[in-house]
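Tertiary structure, described
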Amino acid sequence: MKAFTYDRASSLTQAATAAARPGAKIIAGGTNLLDLTKLQVETPTQLIDINRLGLDNIEDTRDGGLRIGALVRNSDLAADQRVRQHYGVLSRALLAGASAQLRNKATTGGNLLQRTRCSYFYDITMPCNKRSPGSGCAALGGFNRMHAILGASDQCIATNPSDMAVAMRALDATIETTDPAGKPRTIPIADFHRLPGQTPQIENALQPGEIITAVTLPPPPPGVQIYRKVRDRASYAFALVSVAAIINTVGGRIRSARFAFGGLAPKPWRTPAAEDRLAGAAPDAASFDAAATAALDGARGHGGNDFKIPLARRTLHAVLAQATRT
Ligand code: SF4
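Presented here is an overview of the structure given in this document. Throughout this document, residue positions are counted from 1 along each chain, in the order its sequence is written. Per-residue local features are limited, in this predicted model, to residues with pLDDT of at least 70; the limit for side-chain atom pairs, both in listing and counting, is 80 or more; totals at the level of whole chains, interfaces and linings are taken over all residues. Processing note: side-chain calculations cover all non-hydrogen atoms of the structure and skip hydrogens and water entirely.

Looking at the sheet that holds strand β3 (residues 46-49)
Pairing between two strands is assigned when DSSP locates at least 2 bridges connecting them. Comment: elements are numbered from the N terminus, with helices defined as DSSP H or I runs of at least four residues and strands as E runs of at least two. As summarised here, the arrangement of the three strands in space is β1-β3-β2, forming an open sheet in which the pairing is parallel. Of all the strands in the sheet, just β1 (5-8) and β2 (24-27) have a single pairing partner and so form its edges. Ignoring which end each strand starts from, the neighbouring axes of this sheet average 25 degrees apart. For β2 and β3, the ladder comprises four bridges, and the chain directions are parallel. The residue bridging Ile26 from the neighbouring strand is Ile48, located in β3. Axes here mean lines fitted to C-alpha atoms, for a helix over just the part in contact, with angles spanning 0 to 180 degrees between N-to-C directions.

Below, the structure is given as structure tokens:
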């Protein structure tokens, strides 16, 4: 591990100003950053600790939603009574992630910023365009069982590993930030994570020194909320495929449907055209099939992960059947 300095920020502006300097990194829970630093994937020269900035509250919003501070721990968010009662998909997604010890440390903001678990990204002896732009992608033609079938590029086929973000995508969350000048900004979660294209090293919409301060959830949508995660073992494993779904069925027909996939793409993957196939439809195999076909339009395997296409289809079917069972 390379030497770095450690500073505890006393204000958001101070933290953002320091974070804008080359080599500086914000640290909160540190559950991903410390692993990356030990492996020299990240080599910060300065760590700025923001844990004492008071961003750890969960508040009701005037319109009936929730505002979640960026430093709220994953375990506290999952256990919050309002989240359990009205945003069950989020609580279940959080509890499906990592381990109890990690959830006690990991924060809401850090979860959104966690980096891919592509094994080549973590091995500094291997080519990786995300870690070292222009060096190549070892996963293309390599061991790519966990990799993306949607939204990837010829530069990078890594997936986003978050469970929490998949539920937040289905819930239409908004991310609040501030920059070194103290200027606030809101970013819809749909626009927060970026696809790799030709620049896989750029993973999100944050500018240098811009810090996540909170995540806002709109009022809870009507319907059954489900988070289903398919993985290699029952805990402490990343998703092969996950689905966060909110399905509202009235009078034997689907009135509205929202669903997002995890484990398939470089960002939580939601397809409005696929949801439209379900709106007004009978909850049967034909409508589930139509939705799955639209959601997986353009899906492409890379050898080791070809199985994800039928697995995603079957997982969506199972979730929709469960959500519409009377
Ligand atoms: Fe790197 Fe992305 Fe290729 Fe993995 S998939 S080796 S993260 S460029």
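Now that the structure has been shown, the text picks up again.
Some words on the environment of Lys267
Along the chain, the position of Lys267 falls in the loop between β11 (253-262) and β12 (269-270). Between buried and exposed lies partly exposed: a residue is buried under 20% and exposed over 50% of the maximum accessible area for its type, with that area taken using a 1.4 Å probe on protein chains only. Residue classification places Lys267 among the buried positions, given a relative accessible area of 16%. Considering only alpha carbons, one finds Lys267 and Val166, 101 residues apart in sequence, at a separation of 8.2 Å. Polar contacts here mean pairs of N or O atoms no more than 3.5 Å apart (in protein, one a potential hydrogen donor and the other a potential acceptor; neighbouring residues in sequence count only if both atoms are side-chain atoms). At a separation of 3.1 Å, a polar atom in the side chain of Lys267 contacts the main-chain carbonyl oxygen of His193.

Section: the nonpolar core
Definition used in this section: a nonpolar core is a set of buried Ala, Val, Leu, Ile, Met, Phe, Trp, Tyr and Cys residues joined via side-chain atoms within 4.5 Å. Ile68, Leu77, Leu90, Leu112 and Met168 are the most contacted members of the largest nonpolar core, which totals 36 residues. At the level of secondary structure, the elements contributing two or more residues to this core comprise β5 (66-69), α3 (74-79), α5 (88-95), α8 (164-170), α9 (189-192), β8 (211-217) and β10 (241-250). Looking at this core element by element, the count peaks at six residues for α8. Discounting residues that sit within four places of it in the chain, Ile68 has contacts with Asn57, Ile58, Leu77, Leu90, Thr108, Met168, Thr213, Ala214, Val215 and Leu217. In terms of nonpolar packing, the next biggest core, distinct from the first, is built from 29 residues, Ala245, Ala257, Ala295 and Ala323 among them. Should any heavy atoms of two residues lie within 4.5 Å, those residues are considered in contact.

Any functional reading would require information that these geometric values do not contain.
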